[in-house]
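Here is what each chain is made of, one letter per residue.
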Amino acid sequence: RQIGTIHMGGGGIQNELFCQFIANAANRPVVAGPVEASAIGNALTQWIALGEIKNLTEGREMVRNSFPLKIYEPQHLFEWQEAY
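Note that residues are indexed from 1 along each chain, following the sequence as it is written. At least 70 in pLDDT is required for a residue's local features to be given in this predicted model, at least 80 for side-chain atom pairs to be given and counted, and no such filter applies to totals for whole chains, interfaces and linings, which use all residues. Side-chain descriptors were evaluated using all non-hydrogen atoms of the structure, hydrogens and water having been removed beforehand.

Runs of H or I in DSSP of at least four residues are treated as helices and runs of E of at least two as strands, each being numbered from the N terminus. With respect to the secondary-structure elements, Q20 resides in helix α1 (residues 16-26). Leave out the neighbours within four places in its chain, and Q20 touches Y72, E73, P74 and Q75. Residues count as neighbours in contact if any of their non-hydrogen atoms are within 4.5 Å of one another.

Here is the structure:
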């Protein structure tokens, strides 16, 4: 199965060079955010268990609408392929 987009969350996404290098090395777009992914995932799990939100799909929509995401497109493909 081929992966079209890489989703990253957590503190490491604050390093923009790291995110860009992942996009370049994998030749895939990277969607980065949110920084506090673990805490947000924990909260979503609890809200689902309490019936405050219906399911994970609704939780993911809440996250998309509540936190900024940054997209990194692959760059310098020739150089990265040559290094590989």
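Turning our eyes to something else, we now look at the confidence of the model for the protein chain. The predicted model of the protein chain averages 95 in pLDDT, with 100% of residues at 70 or higher. Residue-level confidence of the predictor, termed pLDDT, takes values from 0 up to 100. Taken element by element, the protein chain is modelled with least confidence in helix α4 (residues 77-83), mean pLDDT 92, and with most confidence in strand β3 (residues 70-72), mean pLDDT 98.

A few words now on the nonpolar core. Nine residue types can take part in a nonpolar core, namely buried Ala, Val, Leu, Ile, Met, Phe, Trp, Tyr and Cys, and a core is a set of them joined through side-chain atoms within 4.5 Å. A simple rule labels every residue: compare its accessible area, found with a 1.4 Å probe on the protein chains alone, to the largest value its type can have, and call it buried under 20%, exposed over 50%, or partly exposed in between. If you look at the biggest cluster of nonpolar residues, it comprises 7 residues: M8, I13, C19, A23, V30, A32 and Y72. Broken down by secondary-structure element, the contributors of at least two residues to this core are α1 and β2 (30-32). C19 has contacts with M8, G12, I13, V30, A32 and Y72, leaving out every residue within four places of it along the chain.

To continue, consider the sheet that holds β2. Ordered in space as β1-β2-β3, the 3 strands form an open sheet in which the pairing is mixed. Of all strands in the sheet, those bounded by a partner on one side alone are β1 (6-8) and β3. Each adjacent strand pair in this sheet contributes to an overall mean axis angle of 20°, direction not counted. Strand pairing requires that DSSP identify at least two bridges connecting the strands. Taken together, the 3 bridges between β1 and β2 define a ladder with parallel strand orientation. Looking across to β2, one finds that M8 is bridged to A32. Axis lines are fitted to C-alpha atoms, over the contacting stretch for helices. Their N-to-C directions set the angle, which ranges from 0 to 180 degrees.

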